[in-house]
Amino acid sequence: MKLVQLSILSMAIGLLTFSCDNDDDTPQVVNEEEVITTLNVTLTPQTGTPVTLQSQDLDGDGPNAPVVTVSGPLTSDTTYNGVITVLNETVSPAENITEEVEEEAEEHQFFFSVGGGLEATTEYTNFDGDQNPLGTEFRIIAGSPSQGTLTFTLRHEPKKPNDGTLSDAGGETDIAVSFDVTVE
Amino acid sequence: MKFLFLCFMTFGSVAIVLAQECPYSLSGTVIDFHDKTPLAGASVVVTGLDRQVTTDASGRFYIDDLCEGFVELEVSHPECISRFVRADVEDEESFIKITLEHHLEELEEVQVVGSAIKERTNSSQEETILSTDLERYTGNSIGDALKRITGVSSLNTGAAIVKPVVQGLSGSRVTILNNGVRMQDMEWGDEHAPNIDINLAGKTTLIKGAGALQYGGDAIGGVILVEPEKIRAQDSLYGKVLLNGVTNGRGGSGTLELTKSYKNGWFIKGQASYKRFGDLEAPDYILSNTGIAQIGASFSLGKNSFEEGWEAYYSFFDSDIAILRASHIGNVDDLIQAINSQTPNVVEDFTYTIGSPSQEVTHHLAKGSYYKRFEGAGKLSLQYDFQQNQRFEYDLRRGETRDIPSIDLRLTTHTISTDFRADASEQNRIHLGLMARYQNNSADPSTGVRRLIPDYDRYDFGAFALTEYYVSPSWVIDAGLRYDFSRIDARKFYQASRWAERGYDIDFNDLIIEDLGSQLLTNPVLDYHNFSATAGVEHTFGEDSKVRANYALAQRAPNPSELFSEGLHHSAARIELGDLRITSETSHKIAVSVEKDSEKWGYVLAPYVNRINDFVLLEPSGVEFTIRGAFPVWTYRQTDAIFAGIDASLYSQWTPTWRSEHRFSFIKGKDETLEGPLINVPPVHLENGLVYQNPQLRKLRIAVESRYVFRQNEFPENIEVFSPVANEQVVLDINTPPPAYHLLDLDLETRLTLIANNDLTLGLRVTNVFNTRYRDYLNRLRFFADDLGRNLALRIKWII
């Protein structure tokens, strides 16, 4: 049974040769570069207190759901100037993704939808290079006292121009957040 | 398209004009002198004419274009003594029966000893696809060709990523060997196709089930052996050129293969192929971003003699595959929208450009092998192989990261193995082997995306013993045992919130080696001890019938995806979660078959039942919310599953030129714990083919193939998710299978002899003749677009 011995020996040598592993090779941590954790919407009326809406999900694709906060009610029959800020807060300092969105304006668009009985209308106030809506800046006109939802959707690579609906625009959803909003 | 067809017709008519002068043919069978079993892979050389054929699985051969009189045949088989036989050629279809002495020790002459088409097991179901058949699929992938075999389907991601599914099982449950090397190419992912070029294969054999323990103990589904053509010890320079042009994809492929062999056993062989397709097309629209660029090459050098031999082999494979643009979606609402919409949301003009999303995979494989025969003992083989698999996946990204891959994994594997085949006894053969493997996976952090699969080192060790016992000429018993040990030593970062959600903070807190606040660095070291065993019997009866029965026990250690997955999968809009607690799965499979294989007709009837304890599956388990909206969560879970089915095939040679072939496969998969159907079980298939083959008419072959795929009526329930757009709970129609479909394919082939021994074979293959719209249940992109429309592929093979 010389053969068997020979084979075992050769196996053993082989194993020894490549089992000297590089044990202390601690991998480098990866912080997600383009994850969006936070959507901040500031609604500023011409007079009166601004209203802020925030959705923050610090673990990104992790199990925790976003924390959604609304600072207060909107005032009826008032026009608010809206500014959207999108952040990645998993890195420090937080990365402002709005800048990238605005740089690549032709490939992005925010959509606003009012639902559940809320009396309000929205309109775009900033546009991309082709004069198609972008929506990081917008206007919202609060109507009569009511309650409902205000939904913000950011689409990456939508069809542009589109008819203003999400289904026509297509593309990939980067943000979809609904806020429960009251008009008083 | 018309032009191609015209060309074909023109060549066709030329062929008929050049009518042959010697219209006689000779067919025959080569059988073993001792036990009368047919010898497959025996070489039959017509001396003086320099023509060679090889016997098929039932020992038959066919030589045409002979003149009246007689020929001298040199008949050889790797395991037999060569013989010279005189055969009379007196009528148009002469027949001869040749016996070979199957006795190794008395051999004095030097022979080529390679892998002949000899069955690898006795009691398991096996089927081989020969190179002439594989060549008909030259522009496709190996998974497409394997679907010719009853019981084989495929799990696709589009048309270019094709993973073979054997009796309902795929991925890590199907072991693939390339020239004797077990592929280590990240087979754990659904969208990871085998990294083998179909043009590399001389022949491909599928062994269903885990009975072939020499190749691994965990092949619960089966083993696929891709092997190069055998090289004979003779002074010769030969090769082939294979060109293929297709209309769907507006591209083509080319292969060149050259072999130089010497009488003293030396050989050198090189092969290279290139394929380039643009966007593919469904019947009604362009499937935007589905192009492919692929390069394959292999090189081997060695010396074979009866007593000893060695080989150095290297193969390279690189494929760059675009993935349907419309399949890249953002959240559950996008998925709902895609499912409800009948057309993909992105349809652009045809292009050859491979945009995002896409994947680029490179595979290097090198091996050195050596064997020596010991008189009165057997054959000892040694092998070392090295593999490196590099995978890049490109997603649609924003800003500076646009051209940076989202996934960058490098898997490096070293394996040494040795085995000894004791074949001194005619009655009882024993096969013993040992294997040791080291594997390292390294994920590049510069992607800026958290690693899908962590860095790990893996160690494997395996040992097996198999025996074949020839009770009588008509009874063979085989049995085997195998033990495998594997250890995975990983370094993985978990999100702290995920660590808690999975309950790992209770079970595995000792694995944490560094706490970075939002992320935890852990060092799981997982050991698995797996046992496999097989036992079976083969009984030959009558002239040409067989019964086989086989039991196989197999255990498979979980793969890195099942253990460590943690993150968002864009193409499926789902969060996939592995589980550290997953243990090895254990399969008990019983397969029986009754076969008949005669000149006139034959059949295989093969029922099986496969009970898998702790079966690992990936299925929807809930919903998680992110700022992008809701995502269904798919979790790996273990359950007890049972697969039961039947593979049946039938052929009939109605006349010498007309033949019909029929295949049927039926399988059911059930979750025994939940008492419900399993996900992704292949639907019932029925295939019928009619072949006209006339060797006297320039080898004209016309084949019509019909494939009917039934609707899968048993599937897990759909899940309910909250849709922010609809602002309510909606049913996500993600499990509902598409309707049944029927496809018709047509294949025409003819052979011309331009110069002596330089045959030119022309072929035209039309797939989906009626341009039928369909979607396949096992295509992961079925939610987004129809499958492929009509395709015309013209191929030219030139034998040098």
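How each quantity is defined
Residues numbered from 1 in each chain as written. Chains lettered and ligands numbered in written order. Predicted model: local features only at pLDDT ≥ 70, side-chain atom pairs only at ≥ 80, totals over all residues. Heavy atoms only, no water. UniProt positions renumbered as here; feature names shortened; annotations may be inferred. Helix = DSSP H or I, 4+ residues; strand = E, 2+ residues; numbered from the N terminus. Buried < 20%, exposed > 50% of the residue type's maximum accessible area, 1.4 Å probe, protein only. Contact = heavy atoms within 4.5 Å. Areas by Shrake-Rupley, 256 points an atom, 1.4 Å probe, with all protein chains shown as cover. Rg over C-alpha atoms; globule rule 2.2 N^0.38 Å. Domains from an automatic or database assignment. Buried area = accessible area lost by both parts, 1.4 Å probe. Salt bridge = Lys/Arg side-chain N within 4 Å of Asp/Glu carboxyl O.

- The name an unreviewed UniProt entry assigns to chain B is TonB-dependent receptor, from the organism Pelagihabitans pacificus.
- Quoted verbatim from the Subcellular location (unreviewed entry) field of UniProt, the annotation for chain B is "Cell outer membrane".
- Here chain B is described in UniProt, under the heading Sequence similarities (unreviewed entry), as follows: "Belongs to the TonB-dependent receptor family."

- As recorded by an unreviewed UniProt entry, chain A carries the name Type 1 periplasmic binding fold superfamily protein and is attributed to Pelagihabitans pacificus.

### Focus on the overall build of chain A
Part 1: Check the secondary structure of chain A and you find three helices and 10 strands.
Part 2: Its helices and strands in sequence order give chain A the pattern α-β-β-β-β-β-α-β-β-β-β-α-β, from N to C terminus.
Part 3: For chain A, buried positions account for 46% of its 184 residues.
Part 4: Summarising the internal contacts of chain A: among those between residues at least 6 apart in sequence, 64% fall at separations of at least 24.
Part 5: Summed over its atoms, the accessible surface of chain A is roughly 8800 Å², and 51% of this surface lies on carbon and sulfur atoms.

### Brief notes about the overall build of chain B
Part 1: Counting its regular elements, chain B contains seven helices and 45 strands.
Part 2: What you see for chain B is a C-alpha radius of gyration of 27 Å, in line with the 28 Å of a compact globule of 800 residues.
Part 3: For chain B, the C-alpha atoms occupy an extent of roughly 85 × 60 × 45 Å along the three principal directions.
Part 4: The 800 residues of chain B split such that 61% are buried.

### Quick notes on the UniProt feature "domain: TonB-dependent receptor plug" (unreviewed entry) in chain B
Part 1: In the numbering adopted here, UniProt assigns the feature "domain: TonB-dependent receptor plug" (unreviewed entry) to residues 124-223 of chain B.
Part 2: Note that residues 124-223 of chain B is 9% helix and 32% strand, and that its end C-alpha atoms are spaced 11 Å apart.

### What to know about the domain arrangement of chain B
Residue and element names in this part refer to chain B.
Part 1: As far as domains go, chain B holds domain 1 (24-100) and domain 2 (198-799).
Part 2: The straight-line distance from the C-alpha centre of domain 1 to that of domain 2 is 36 Å.
Part 3: At the interface, 19 residues of domain 1 touch 14 residues of domain 2.
Part 4: When domain 1 packs against domain 2, the two sides together hide about 1200 Å² of surface, and 33% of this comes from carbon and sulfur.

### Here we look at the pattern of salt bridges
All names here are of chain B.
Part 1: One pass over the full model with this rule turns up 59 salt bridges over all chains.
Part 2: Salt-bridge contacts for Lys 240 lead to Glu 135; the nearest nitrogen and oxygen are separated by 2.6 Å. Here the residue Lys 240 occupies a position in strand β15 (residues 236-246), and Glu 135 occupies one in the loop between α2 (131-134) and α3 (142-146), the gap between them amounting to 105 residues.
Part 3: Taking relative accessible area as the criterion, Lys 240 reaches 10% and is therefore assigned buried.

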